[in-house]
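What the coordinates show
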Amino acid sequence: MVVAGEVLQSGSSQELHVLAVDDSYVDRKVIEKLLKISSCQVTAVESGARALQFLGLDGEKGSVGFNGLKVNLIMTDYSMPGMTGYELLKKIKRSAAFREIPVVIMSSENILTRIDSCLEEGAEEFLVKPVKLSDIKRLMEDCVTRGETEEQEGRRVHKRKLEDDNLNSSSSSPLSSSPSTTASFGCDISIPELLSSPPHPSKRAKLHDGD
């Protein structure tokens, strides 16, 4: 089963899948070419609305959706009509299913307040156009590293869960914690022996007298 936002492991035969969002046809083709040179699979869309539709976050039943594809990285232009890259970023980071996907903002304007706003909202990075091939390669390395880290953490969590389950199973099994009733009853009689012993004569006598 494909999990939304899952990061591919290092050395996988599959490609990293990048969702690229830009209203400029030229810029969209440039970023698409750079990503393909870096051996990435690319889905390029022209607006924030189309990106949300692809992710299934537009609330429409007829959304394109993942169609079996993972998304490892989202790269979006900042200045777009209808929905800015900043607004798209906020919607993605507020989604439980996609908030862990790294989002990179691109812009031709190097405006400090804009950069700070995007980083504070959870953007992985802010790139000033034109985006270079070295930028793409670095981002891909970061994606692979992130995937390896998440895989290792997942293994540690799974191992801890197994250890906890084994501990709980051992502590809850009957008679496992007290092989002898010495502490409870003040004598060296095991529970099976106690249960199999006949009633004390005095108890029988009391029962007989009461009949």
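On a predicted model such as this, the values are computed, not experimentally measured, just so you know. (Residues numbered from 1 in each chain as written. Predicted model: local features only at pLDDT ≥ 70, side-chain atom pairs only at ≥ 80, totals over all residues. Heavy atoms only, no water.)

**Digging into the environment of Phe 126**
Condition: The helix count covers DSSP runs of H or I at least four residues long, the strand count covers runs of E at least two residues long, and both are numbered beginning at the N terminus. A contact between two residues is defined here by any heavy atoms of the two lying within 4.5 Å.
Tracing the backbone shows Phe 126 in strand 5 (residues 125-128). Contacts of Phe 126, omitting those with residues within four sequence positions, involve Tyr 78, Ile 105, Ser 107, Glu 109, Arg 114, Ile 115, Cys 118 and Leu 119.

**Description of the pattern of salt bridges**
We apply this condition: We define a salt bridge as a side-chain nitrogen of Lys or Arg found within 4 Å of a carboxyl oxygen belonging to Asp or Glu. For every residue, the accessible area obtained with a 1.4 Å probe (protein chains only) is divided by the maximum for its type, and the residue is called buried under 20%, exposed over 50%, and partly exposed between those limits.
Evaluated as defined, the whole model comprises 12 salt bridges. Across the pair Asp 22 and Lys 129 runs a salt bridge, and its minimum N-O distance is 2.7 Å. Here the residue Asp 22 occupies a position in the loop between strand 1 (16-21) and helix 1 (25-37), and Lys 129 occupies one in the loop between strand 5 and helix 5 (133-172), the gap between them amounting to 107 residues. On the accessibility criterion, Asp 22 (2% relative accessible area) is buried. On the basis of relative accessibility, which here comes to 18%, the residue Lys 129 falls in the buried class. A salt bridge links Lys 129 to Asp 27; the nearest nitrogen and oxygen atoms lie 3.0 Å apart. Taken together, the positions of Lys 129 in the loop between strand 5 and helix 5 and Asp 27 in helix 1 put the pair 102 residues apart, joining distant regions of the chain. One continuous salt-bridge network, built from bridges that share partners, spans Asp 22, Asp 27, Asp 77 and Lys 129.

**Thoughts on the sheet that holds strand 4 (residues 103-107)**
Note the following rule: For two strands to pair, DSSP has to find at least two bridges joining them. Note on geometry: axes are lines fitted to C-alpha atoms, helical ones only across the stretch in contact, with angles between N-to-C directions running from 0 to 180 degrees.
The strand order across the open sheet built from five strands is 2-1-3-4-5, with neighbouring strands paired in parallel fashion. Looking at which strands have only one partner, the edges of the open sheet turn out to be strand 2 (40-45) and strand 5. Across this sheet, the average inter-strand angle for adjacent strands is 20°, counted without regard to direction. Bridge count between strand 3 (residues 73-77) and strand 4: four bridges; the pairing is parallel. The residue bridging Ile 74 from the neighbouring strand is Val 103, located in strand 4.

**A short note on the confidence of the model for the protein chain**
The cut-off we apply is this: pLDDT expresses, on a scale from 0 to 100, how confident the predictor is about each individual residue.
On average, residues of the protein chain score 78 in pLDDT, and 64% of them are at 70 or above. Mean pLDDT per element in the protein chain: helix 6 (residues 182-185) is the minimum at 45, and strand 4 is the maximum at 98. Counted against residues more than four places away or in other chains, residues 180-187, with its pLDDT under 50, gives seven contacts. Predicted confidence is poor over residues 202-208, with pLDDT under 50, and the contacts of this stretch with residues over four places away or in other chains come to two contacts.

**Focus: the pairing of strand 2**
For clarity, the threshold we go by: Crossovers are described as right-handed under a simple rule: with the strands pointing away from the observer, the path leading from the first strand over the helix to the second runs clockwise.
Relative to strand 2, strand 1 runs parallel, the two being bridged by six bridges. Opposite Ala 20, over in strand 2, you have Ala 44 as the bridge partner. Taken together, strand 1, helix 1 and strand 2 form a β-α-β motif whose crossover is right-handed.

**With respect to the nonpolar core**
Rule in force here: To qualify as a nonpolar core, a set must consist of buried Ala, Val, Leu, Ile, Met, Phe, Trp, Tyr and Cys residues joined through side-chain atoms within 4.5 Å.
Grouped together as the largest cluster of nonpolar side chains are 24 residues, with contacts concentrated most on Leu 19, Leu 55, Ile 74, Ile 105 and Cys 118. The set of elements that each furnish at least two residues to this core consists of strand 1, helix 2 (48-55), helix 3 (85-93), strand 4 and helix 4 (112-120). In contact with Ile 74, not counting residues within four places along its chain, are Leu 19, Leu 55, Ile 92, Ile 101, Pro 102, Val 103 and Val 104. In this structure, Ile 31, Met 75, Leu 127 and Cys 143 belong to the second largest nonpolar core, which totals 18 residues.

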